[in-house]
Structure formats: structure tokens, C-alpha cells
Amino acid sequence: MSVAQILLLFTVGAAAGGLGALAGIGGGILVVPMLTLYFGLPIHQAIGISLLAVIATSSATSSVQVERHVVDIRLGIILELMTTSGSAAAAVLAGYLHKQSLATMFILFLLFSAFNLVKRAWGARNQALETEIPPYTIKNWPGGLAASLCAGAFSGLLGVGGGVIKVPAMYLIMGVPLRVATATSNFTIGVTAAASAYIYYGRGDIVIAIAAPLVAGVFSGSILGAKLAPKIRTTYVLWLFIVVAFWMAGQMLYKLLTGGLAG
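The rules behind each value
Residues numbered from 1 in each chain as written. Predicted model: local features only at pLDDT ≥ 70, side-chain atom pairs only at ≥ 80, totals over all residues. Heavy atoms only, no water. Phe/Tyr/Trp six-rings, centres within 6.5 Å; stacked < 30°, edge-to-face > 60°. Helix = DSSP H or I, 4+ residues; strand = E, 2+ residues; numbered from the N terminus. Buried < 20%, exposed > 50% of the residue type's maximum accessible area, 1.4 Å probe, protein only. Lys NZ or Arg CZ within 6 Å of the ring centre and 35° of its normal. Expected span 1.5 Å × (residues − 1). Salt bridge = Lys/Arg side-chain N within 4 Å of Asp/Glu carboxyl O. Axes fitted to C-alpha atoms, helices over the stretch in contact; angles between N-to-C directions. Parallel < 35°, antiparallel > 145°, perpendicular 65-115°, else oblique. Left-handed = near helix turned anticlockwise from the far one by under 90°. Contact = heavy atoms within 4.5 Å.

Undergrad: Would you mind going over the packing of aromatic side chains with me for this structure?
TA: Centre distance and the angle of the planes are the two values used to describe a pair of aromatic rings. A full pass over the atoms with the stated rule returns 1 aromatic pair. Arranged with centres 5.5 Å apart and planes meeting at 85°, the rings of F115 and F246 form a pair that is edge-to-face. Of the two residues, F115 is situated in helix α5 (residues 99-123) and F246 in helix α10 (residues 234-258); the sequence distance between them amounts to 131 residues. Overall, F246 belongs to the partly exposed group, its relative accessible area being 33%. Over the face of the ring belonging to Y200 we find R203, whose NZ or CZ atom lies 4.8 Å from the ring centre.

What follows is the structure in C-alpha cells.
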């Protein structure tokens, strides 16, 4: 691997980590398509490496956000029980799915994520920058637990942290403030990803030579993103994610239809 490729992986990782830390969704929607489309990795390997990136994001951001008392630790632990179960089960099933099936699921996931982010960004367009967390009472536990189970399944199958499902679930279903939902998602997605990453590693789907510079970039970008989070409107980051998600979905769909995805 050339020095230019190593630097590119580090840069991609830093961008994914920074944006993932700001929006609480792990950055996997950037890592998997990038590794598949531009580095020619089979999608199973891209997913395995992406799970390591999600762990790095969670580790880096949690150290900052827990210290600021933004994370709802009790809520995160309870939801994570369901998420981890769904993640581990889905990771086992992923090894038996055809690459076109996984690619199709990821395209659908990208589109689903983008439309959800559009709703969040449009709803928050006129909100002022929050400096204090308003008081809140958690509601609709069954709905939140069910969403967490689905988030875990998507994490195990697609190599993402599931935050794009858990953040809206906590925010819209359970009545948790957006800043708390984002921070709590970052706190838990690493555990979710670890449950699946172990299985992918055991199958030989994690290429260390590619994962090492990418994860180093993710960790660095995540720390910076976590430190900048209180000073940046989440809406701006969401719109950037929306553009990237639609673009990546289009690129992957083109490769799928033309047979350009690696085996």
C-alpha cells in the first residue's frame, strides 16, 4: 500500500469520525461505500473494518461527552442490551448473505438514513444553538427497545453503529433532547459494533493493513468532533450527511447494476 493510500484512508477516517461524533451516527455510512467503491474491497470486509471505525468513534467521543454529563448512562445501558443482541445475531447471518443482497440493503439503508436526516434537519432549521439541556422524562420504553433491536440488526449486517436509528428513536419516540440522544448514541454504538466485529474478525473479514490508518483517522476526527459539538449547529452537519448519503447510494447503485462491486 502506498503512502498516498495510507494518507487517504486516514483522511477519510478523520472525516467520518468527525461527522459521526457530531451527529451521533458513527460514520459507517461513509466508510463502507468508500472502501467498497474506491478501494475495491469485498463488502463483507468493508463492513468488518467499518465496525472497528465505529468502536473508535464511540471510544473517542465518550471520553469527552461523559465528562460533560451529556450522556444518559442508564438509558444507554438499557437500550444497549437489545441492540447488542440484534447485532450479534445479524453478524452471524451476514456471512451467509450474497454480496448483492448486502449491497442492496446498504443502499436502502443510506436512503432511509438520508430521508430521516432531512426530517431532523428541516425540523431544527430555526432552532437556536442549545447551551443547556432542558429537563426531560423518558417515555415509550417499548418503542425505544424495539427500535434498538432493529438498530443492532442493521449494525451487524451493514457495519454501522445503528445510531441513525437510535438517535431519532430516542429523540422522537422517547422524548430525549437531541444533544443527549446524540451523546448517548455515541456512548453505546461501540459496544454494538464490538459484538459484531468479533465475529467478522473470526471470519477473516478485517484487513489490518487497511483498518489501521482508517481507525487512526477516525479516532482523531472523533475527538475533534466531540470537542466542537457544543459550538456547531447539528443542522449544518446533518445537511452534509444528507448530501453524502444520497451520493454514496447513487454510486453504489450504479456499481451494483453494472456488476462493479468486488466479490
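Undergrad: Hey, could you run me through helix α3 (residues 43-65) in this one?
TA: Spacing of three or four residues puts side chains on the same side of an α-helix, whose turn is 3.6 residues. Between the first and last C-alpha of α3 there are 32 Å, a value that for 23 residues agrees with the 33 Å anticipated at 1.5 Å per step. Within α3, 19 of the 23 residues are buried, leaving the element largely enclosed by the surrounding structure.

Undergrad: I keep staring at the pattern of salt bridges and nothing clicks. Help me out?
TA: Between side chains of opposite charge, a pair can form when the charged atoms approach closely. One pass over the full model with this rule turns up 2 salt bridges. Of the charged contacts, one joins K166 and E80 as a salt bridge, the two residues approaching to 3.0 Å between their closest N and O atoms. Remark: E80 occurs in helix α4 (residues 73-94) and K166 occurs in helix α7 (residues 163-173); sequence separation between them is 86 residues. What makes K166 buried here is its relative accessible area of 2%. With its nearest N and O atoms 3.3 Å apart, the salt bridge here joins R203 to D205. Taking relative accessible area as the criterion, D205 reaches 12% and is therefore assigned buried.

Undergrad: Any chance you could explain the packing of α3 against helix α9 (residues 208-228) here in plain terms?
TA: Packed helices, taken two at a time, are described by the angle between their axes plus the distance between the axes. It is at 8 Å that the axes of α3 and α9 come closest, and there the two elements cross at 30°. Relative to α9, α3 is oriented roughly parallel. Every pair of crossing elements has a handedness; the one defined by α3 and α9 is right-handed. Taken together, the residues of α9 that come into contact with α3 (itself represented by I49, L52, A53, A56, T57, S59, A60, T61 and V64) are I210, A211, L214, V215, V218, F219, S222, I223 and A226.

Undergrad: Is there a simple way to explain unusual backbone geometry in this structure?
TA: Phi is mostly negative for residues that are not glycine, and the peptide bonds are mostly trans. With phi around 60°, H69 is a residue other than glycine that occupies positive phi space. Along the chain, H69 turns up in the loop between α3 and α4. In the Ramachandran plot, N140 falls in the positive-phi region, its phi being about 50° despite a non-glycine side chain. Positionally, N140 belongs in the loop between α5 and α6 (141-158). Residue N140 is classed as partly exposed on the basis of its relative accessible area, which comes to 42%.

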